[in-house]
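Each chain, written out:
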Amino acid sequence: MAQQTSQDYFVYVGTYTHSDSEGIYVYRLDGATGALEYSSKASGVEHPSFVEIHPNGKYLYAVNELNEYDGKASGSVTAFYIHQDTGELSFLNKRATGGGAPCHLSVDATGKFLLVANYGGGSVVAFPIGSDGRLGEASDFVQHQGSSINPQRQMEPHAHAIRIDPGNRYAFSPDLGLDKILIYRLDAENGTLTPNVQPWVRVHPGAGPRHFDFHPNGKFAYVINELDSTFTAFAYDGAAGTLTEFQTLSTLPEDFDGTSHCADVHVHPNGKFLYGSNRGHDSIAICAIDEETGRLTSIGYESTQGKTPRNFGLNPDGTFLFAANQQTDTIVTFAIDTETGALNATGHVTEVPMPVCVKLLACR
């Protein structure tokens, strides 16, 4: 087992507020043991399912996964100030996202703009970020168009994520409804999104691309496909912002015959491993990455010890993985063997109502 880190982190957990959840929960991670200690919560925030932290560590942004806001057919996004000594959140302001059920968001590397993906109706929107962390009026809005082959899930666009590349030049939006990853040129001065020369790349029909991550070397990218439980691997040209598919691999064991849908995907910080969550099989799929070619080899599956791991997080040191089991109201901490990629349960199970997203910020 690789030695664990001693760095402590604030851990922010986005939730659905259908039942007992009151909003965003804040914990403190003991970097030596993987234990999470409750610190505070931001109450009264509706369905803050996915959260993101500003590059300067001073602000946090949360989608509000709603279909109606301020009397209009729209979700919203909320900005918070992070108190540096305690990690506590204070409300700053809120903006309509212009589309229903916003489900993912990213801050660009300059910290000037927030991008949000709206699942309902399929669109992406950009907001300027003020010097005080507050969000301005939207600087751009792009509506996706089209459909794919699944009559229940793909009759219209469903933007499921928005990720910015390591060079801060391009933004990528996996659209579950289109079986495409849409590619935009990001103007980091004006906060606009324009179709790239390669405006999209298609995955296989019925795959349902959901979340997306880059390899640390910037040469490869990976999407996890919700509907058919697969990873798709791409070569990435950071200068042109183009993706070239070279592999598709199942996230499930060959002998599994139940119903399962993928959710989240992360490349390990050391670039050696890829992790993806299965909802139904209720596991983390583990792949080794060939760092020369980017190709994936399945090396195992680890039960999340709960139901419906909608998302999961890794600490930046790459020594722990936190599986958010939405239907069993737990976050289970696993120690990562950084040599083999194996996940080993630490015994730390944190009760959190309907956890969705886990984001970490180093304590100062």
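Residues numbered from 1 in each chain as written. Predicted model: local features only at pLDDT ≥ 70, side-chain atom pairs only at ≥ 80, totals over all residues. Heavy atoms only, no water.

Student: Describe unusual backbone geometry, and please don't skip the residues or the numbers.
Tutor: Despite not being glycine, Asn168 shows a phi value in the positive range, around 60°. Looking at the element boundaries, Asn168 is found in the loop between β12 (163–164) and β13 (170–175). Positive phi, close to 60°, is recorded for Asp179, a residue that is not glycine. Structurally, the position occupied by Asp179 is in the loop between β13 and β14 (180–187). (Helix = DSSP H or I, 4+ residues; strand = E, 2+ residues; numbered from the N terminus.)

Student: Could you give an account of the nonpolar core, naming the residues involved and the relevant values?
Tutor: Tyr12, Leu60, Tyr61, Leu89 and Leu114 are the most contacted members of the largest nonpolar core, which has 34 residues in total. The greatest single-element share of this core, amounting to five residues, is contributed by strand β5 (residues 59–64). The residues contacting Tyr12, other than those within four sequence positions of it, are Tyr25, Val26, Val51, Ile53, Leu60, Ile82, Gly87, Leu89, Cys357, Val358, Lys359 and Leu361. Core analysis: the second largest hydrophobic core is formed by 15 residues, Tyr9, Val11, Ile331 and Ala335 among them. (Core = buried A, V, L, I, M, F, W, Y, C linked by side-chain atoms within 4.5 Å. Buried < 20%, exposed > 50% of the residue type's maximum accessible area, 1.4 Å probe, protein only. Contact = heavy atoms within 4.5 Å.)

Student: Tell me about the sheet that holds strand β6 (residues 76–82), and please be specific about residues and values.
Tutor: Spatially, β4-β5-β6-β7 is the arrangement adopted by the four strands of the open sheet, whose pairing is antiparallel. One side of each edge strand has no neighbouring strand; the edge strands of this open sheet are β4 (51–53) and β7 (89–96). For this sheet, the mean inter-axis angle between neighbouring strands, taken without regard to orientation, is 20°. Pairing between β4 and β5: three bridges, direction antiparallel. (Pairing = 2+ DSSP bridges. Axes fitted to C-alpha atoms, helices over the stretch in contact; angles between N-to-C directions.)

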